[in-house]
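# Structural features, examined
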Amino acid sequence: MNGADVRFYTSVLMRRSPYLAAITAAVLAIAVAVAFVLPPVYRASAKILVEAPQIPADLARSTVAIQAVQQLQIIRQEITTRNDLLKLADKLEIYAPSKEPPADEDIVNDMRSRITFEEIVLGAPDGGGPAASVFSVAFAAAEPVLAAEVANELVDLILFKQQQQRTGRAAETVQFFNQEVARLGLDLNLIEAEILKFKNENSDTLPDSLEFRRNQQTSRQERLISLEREESDLLGKRSSLAESYALTGQLPDGEAATPEQQMLLQLNRALADQLAIFSETSPNILALRRRITSLQETLQGRQAQEAQPSSKKKRHSTFDLQVSYIDERLRAIARERAAITESIGALTKSITATPASETVLNSFERNRANLQTQYNTAIARRAEALMGEKIEKRSDGGRFSILERATPPESPETPKRLRIALMGAVGGVGLAVAFVALLEFLNGTIRRPVELAIMLGHKPIATIPYISTAEENRFAIRRTLAAVLPAAAVPALLTAIHYLYLPLSVMAQSAFGWLAAMG
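A quick note: this is a predicted structure, and the numbers were derived from the prediction, not measured.

This part is about the overall build of the chain. For the chain, the count of helices and strands is 14 helices and 4 strands. The buried share of the chain, taken over its 519 residues, is 31%. Of the contacts made within the chain by residues no fewer than 6 positions apart, 80% connect residues no fewer than 24 positions apart. Counting every atom, the chain has about 32,400 Å² of accessible surface; 59% of that belongs to carbon and sulfur.

Glancing now at the pattern of salt bridges. Under the definition given, this model contains 14 salt bridges. Taking the shortest distance from any N to any O, the salt bridge between D84 and K161 comes out at 4.0 Å. Of this pair, D84 sits in helix α4 (residues 82-92) while K161 sits in helix α6 (residues 144-201), placing them 77 residues apart in sequence. We classify K161 as buried; its relative accessible area is 15%. With a shortest N-O distance of 2.7 Å, E230 and R329 are connected by a salt bridge.

A few words now on unusual backbone geometry. Look at E93: it is not a glycine, yet its phi comes out positive at around 55°. Along the chain, E93 turns up in the loop between α4 and α5 (104-114). Classification of E93 by relative accessible area gives exposed; the value is 54%.

Mapped onto the elements of the fold, R82 is located in helix α4. Classification of R82 by relative accessible area gives partly exposed; the value is 36%. Discounting residues that sit within four places of it in the chain, R82 has contacts with D104, E105, V108 and R112. One polar contact links R82 to E105, side chain to side chain, over a distance of 2.7 Å.

All right, on to a nonpolar patch on the surface then. Together, L438, F441 and L442 give the surface a local cluster of nonpolar side chains, amounting to about 380 Å² of exposed area. Checked against the element boundaries, L442 lands in helix α11 (residues 417-442).

Turning our eyes to something else, we now look at helix α2 (residues 17-37). Counted at 1.5 Å a residue, the expected span for α2 with its 21 residues is 30 Å, and the 29 Å between its end C-alpha atoms agrees. Regarding α2, the residues found buried are P18, L20, I23, T24, A25, A29, A31, V32, A33, A35 and F36.

Before going further, it helps to examine the nonpolar core. With 34 residues, the main nonpolar core has I94, M111, F139, V150, I158 and F400 as its most contacted residues. Counting residues per element, the ones that place at least two in this core are β1 (42-50), α3 (68-79), α4, α5, β2 (115-123), β3 (130-141) and α6. Of the residues forming this core, the biggest block, 9 residues, is contributed by α6. In contact with M111, other than residues within four places in its own chain, are L85, L88, A89, I94, Y95 and F139. Counting 11 residues, the second largest nonpolar core, distinct from the first, contains I191, I195, L361 and A378.

Here we come to the packing of aromatic side chains. Counted by the stated rule, this structure contains 2 aromatic pairs. Plain terms: the ring middles of F176 and F177 are 5.3 Å apart, the flat faces sit at 70° to each other, and that makes the pair edge-to-face. On the basis of relative accessibility, which here comes to 44%, the residue F176 falls in the partly exposed class.

So, on to the packing of α2 against α11. α11 packs onto α2 with a crossing angle of 155° between their chain directions and a minimal axis gap of 7 Å. It follows from the interaxial angle that α2 and α11 lie roughly antiparallel. When you trace α2 past α11, the crossing you get is right-handed. Split into classes, the residues belonging to the contact of α2 with α11 amount to 19 nonpolar, 4 polar and 1 charged.

Calculation criteria
- Residues numbered from 1 in each chain as written.
- Predicted model: local features only at pLDDT ≥ 70, side-chain atom pairs only at ≥ 80, totals over all residues.
- Heavy atoms only, no water.
- Helix = DSSP H or I, 4+ residues; strand = E, 2+ residues; numbered from the N terminus.
- Buried < 20%, exposed > 50% of the residue type's maximum accessible area, 1.4 Å probe, protein only.
- Contact = heavy atoms within 4.5 Å.
- Areas by Shrake-Rupley, 256 points an atom, 1.4 Å probe, with all protein chains shown as cover.
- Salt bridge = Lys/Arg side-chain N within 4 Å of Asp/Glu carboxyl O.
- Polar contact = N/O pair within 3.5 Å; in protein donor to acceptor, adjacent residues only side chain to side chain.
- Patch = residues over 30% accessible without salt bridge, like charges linked within 9 Å, V, L, I, M, F, W, Y side chains within 5 Å.
- Expected span 1.5 Å × (residues − 1).
- Core = buried A, V, L, I, M, F, W, Y, C linked by side-chain atoms within 4.5 Å.
- Phe/Tyr/Trp six-rings, centres within 6.5 Å; stacked < 30°, edge-to-face > 60°.
- Axes fitted to C-alpha atoms, helices over the stretch in contact; angles between N-to-C directions.
- Parallel < 35°, antiparallel > 145°, perpendicular 65-115°, else oblique.
- Left-handed = near helix turned anticlockwise from the far one by under 90°.
- Nonpolar A, V, L, I, M, F, W, Y, C, P; charged D, E, K, R; others polar.

Put into structure tokens, the structure is as follows:
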């Protein structure tokens with residue numbers, strides 16, 4: 001671009017300066033009007049400190065597993081629900097100045113657009129990860145006091161819900177383990193009752209008494225063998241007595257034996273046999289010794305009374321008595337053998353049934369052991385839950401605290417009036433230049449030698465410029481002032497209206513605020 005082009009474009013701008021001034025002034029006036037008419041928006045913010053658990057987890061662990069940051073995110077979703085936002089708006093009368101209260105859906109959307117959350121992560125001093133986090137809760141409103149009140153109300157609501165959630169979860173955990181302990185305790189009582197009932201109904205086949213019953217079976221078998229041997233001896237003796245008395249008319253030993261003597265002999269033999277099986281302190285041994293002592297005293301008294309030898313009639317009576325005693329003893333042996341045989345059969349039956357009873361009892365015991373383990377675990381977990389509940393009630397398990405409450409801001413966050421005015425000025429200049437460029441593009445008049453040479457195809461010898469008169473210059477100046485002065489007077493007029501007629505400005509701000517709230 002040469003100097004001629006610069007002079008040409010400069011002349012174009014000077015010639016079109018009324019348009020430039022008018023458009024720039026109009027856009028600037030509109031921007032200034034918008035900057036002054038837009039209602040101010042104040043934003044107040046409060047800060048919440050999210051602290052780590054106060055008690056180390058290896059000493060006492062909280063039963064609420066959720067992290068504090070995650071819990072804050074959940075609470076954030078809860079407090080921005082429809083019902084909570086409507087309650088908050090109604091409590092603080094946020095939309096009370098409106099002539100017509102907006103619809104609930106509009107209130108919810110507007111409240112959500114005004115509330116902002118921002119997380120500030122603080123690093124640990126040793127660089128090992130975040131030790132604490134700071135959350136900023138802000139609210140935007142047309143009045144600074146209202147913005148601060150809503151922000152503080154949101155912070156209080158967050159702290160309340162956080163404490164309510166953590167203590168509620170801890171209490172639910174304790175209640176759950178209380179129910180588990182009660183249920184497992186009831187199951188333990190039921191299975192112990194079943195075990196007791198089974199033991200009472202099957203007391204003869206329990207595995208605990210198996211060894212005792214086997215010993216009883218062995219002793220009864222040995223006693224049965226002893227009785228059979230005694231029976232054989234008695235039968236032989238009875239036969240010998242009968243044969244000797246039939247041949248000689250006397251007893252085999254030449255002297256008649258009394259029943260007491262025979263009984264004493266049998267008791268001594270029985271004592272010898274029982275000593276091979278039982279100890280001296282056994283009830284059977286003690287009973288036999290008492291009977292032997294009693295018989296010995298009876299025989300000693302009878303021998304003192306008898307002084308003369310026995311006659312033939314006496315011997316005959318003695319033989320009958322001995323035979324009668326042997327028969328009685330044989331019948332007693334038969335009865336005892338039958339009783340022992342029946343007892344051995346019952347013991348054998350109970351011993352055979354013991355494995356089945358042991359299987360059932362082991363099943364009961366295994367179930368009881370499992371329930372006991374679960375019961376002990378539930379008791380331990382309940383103790384941990386109670387400790388966790390105490391921790392949460394004391395707010396030692398990851399608590400929230402107010403780091404800084406919201407205060408009414410001194411200046412509005414928006415609108416940025418100077419920025420809007422500057423943007424209007426820049427935009428006005430750009431729009432004016434674009435309009436002038438469009439006019440020049442649509443103008444087909446030849447104004448430069450270059451354009452004439454292009455149209456004729458020959459270079460002109462000389463060109464004579466247009467020389468305007470003084471009257472034309474004065475008209476151009478008046479036209480420019482007529483275009484610029486009204487546009488420049490608009491911002492001044494709006495400024496005067498804003499400062500001199502404050503009620504009108506307040507009404508305009510309220511109207512624009514309601515329009516902004518509506519979307």
